[in-house]
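# Per-entry structural report
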Amino acid sequence: MSNAIEIVIDPRPRDLGGFSVRRLLPYAKRRSVGPFVFFDHLGPASLPAGRGVSVRPHPHIGLATVTWLYSGALMHRDSLGTVQTIRPGEVNWMTAGKGITHSERTPPDVRAKGHMIEAIQTWVALPQDYAEQEPAFAHHAADSLPELNLPGAVGRLIAGEAFGERSPVEFPSGICQLSLEATGECLIETPDIPEACVHVVRGSAVVDGHVLGEAQMAVLHPGRRAMVQMQAGDRIMIAGGDPLDGPRLLDWNFVASSKDRLEKAVADWRESIERGFEGSWFTEPPGETSYIPYPGDAQPDPEDSPPD
């Protein structure tokens, strides 16, 4: 391995019926990079007319989520009452805090026509002092995010600071997430952040002399920077930030600093289902009547009832 790279992670594909998701984090030898505790690469996939993504309502605690689209569209609904479509270049930043429920579905007009979809979905663990904050949601239009114009590459700064720019996305500790695409042969140094990874979204990249193929991730040694070489059309995502302020445990969609808190989240979700989401810890997004049960629990009947 190179001097700058700590580990290279190969993607673990998962078939979701018609398209695949490639998981990078968490990984057995590297559970997180900065605050990032989850990193999925969805697609690219071509979905025929009538098919789309249908992620039923499910809960989160202790984290913030972002889905960065390269193609396609998703309709986000959450228990705060939010109904917001996200398209390439935009950011839906959902902070779960003490608990939120949300769904992600292909909008009806996009589903009817058929479409391509490709996205990176990440979760970032909230600092412990913010883990039980009230849930929140913020939408950021594409033109509100800093455009990155580097020698031989262009992109967007999704969160944090890099290359002299600052994103409007708010997060209570140091974070950096950006997407870059090479317009020609280029050599770029990674931002100066405590922990960082480089993920190849499309094509390949040479990171500190090590060749990465599509969907591979190079995690850098803490505090180290690396030179990234790309050719025209190659696309990468860089993510990282301050190290976590303590260990994090993951159970299904829950992130917490203790096993007790995870067990409470599971119990709260089960009780919310039993109560029909009335007067319960978790509630339903607008128009939604279905849900995803905790793994191993009984499925609802019918399993899905998408909003009109």
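This report concerns the structure included in the present document.

In terms of regular secondary structure, the chain is built from two helices and 25 strands. Relative to the compact-globule value of 19 Å for 308 residues, the chain shows a C-alpha radius of gyration of 19 Å, a close match. The dimensions of the chain, computed from C-alpha atoms along their principal axes, are 55 × 45 × 35 Å. Burial statistics for the chain: of 308 residues in total, 53% are counted as buried. Put simply, 69% of the contacts in the chain that link residues at least 6 apart link residues at least 24 apart.

Turning our eyes to something else, we now look at the pattern of salt bridges. The full count for this structure, using the stated rule, is 16 salt bridges. Put simply, Glu6, Arg30 and Glu195 are held in one network by salt bridges that share partners.

As a further point, take the sheet that holds strand E17 (residues 186-189). Across the sheet, which stays open at both edges, the four strands sit in the order E17-E22-E19-E20 with antiparallel pairing between neighbours. The open sheet has two free edges, formed respectively by E17 and strand E20 (210-212), since each of these has just one partner strand. Taken pair by pair, the neighbouring strands of this sheet meet at an average axis angle of 25 degrees, ignoring direction. Relative to strand E22 (residues 227-230), strand E19 (residues 205-207) runs antiparallel, the two sharing two bridges. Within E22, the position partnered with Val207 by the bridge is Val228.

Turning our attention to the sheet that holds strand E2 (residues 12-15). As summarised here, the arrangement of the seven strands in space is E2-E3-E4-E11-E6-E9-E12, forming an open sheet in which the pairing is antiparallel. Two strands bound the open sheet, and with one partner strand each, they are E2 and strand E12 (136-140). Geometrically, the sheet is characterised by an average inter-axis angle of 20 degrees between neighbouring strands, direction not taken into account. Judged from the four bridges that link them, strand E3 (residues 20-25) and strand E4 (residues 36-47) form a sheet pairing that is antiparallel.

Conventions we followed
- Residues numbered from 1 in each chain as written.
- Predicted model: local features only at pLDDT ≥ 70, side-chain atom pairs only at ≥ 80, totals over all residues.
- Heavy atoms only, no water.
- Helix = DSSP H or I, 4+ residues; strand = E, 2+ residues; numbered from the N terminus.
- Rg over C-alpha atoms; globule rule 2.2 N^0.38 Å.
- Buried < 20%, exposed > 50% of the residue type's maximum accessible area, 1.4 Å probe, protein only.
- Contact = heavy atoms within 4.5 Å.
- Salt bridge = Lys/Arg side-chain N within 4 Å of Asp/Glu carboxyl O.
- Pairing = 2+ DSSP bridges.
- Axes fitted to C-alpha atoms, helices over the stretch in contact; angles between N-to-C directions.

Functional significance is not addressed by these values, which are geometric in nature.
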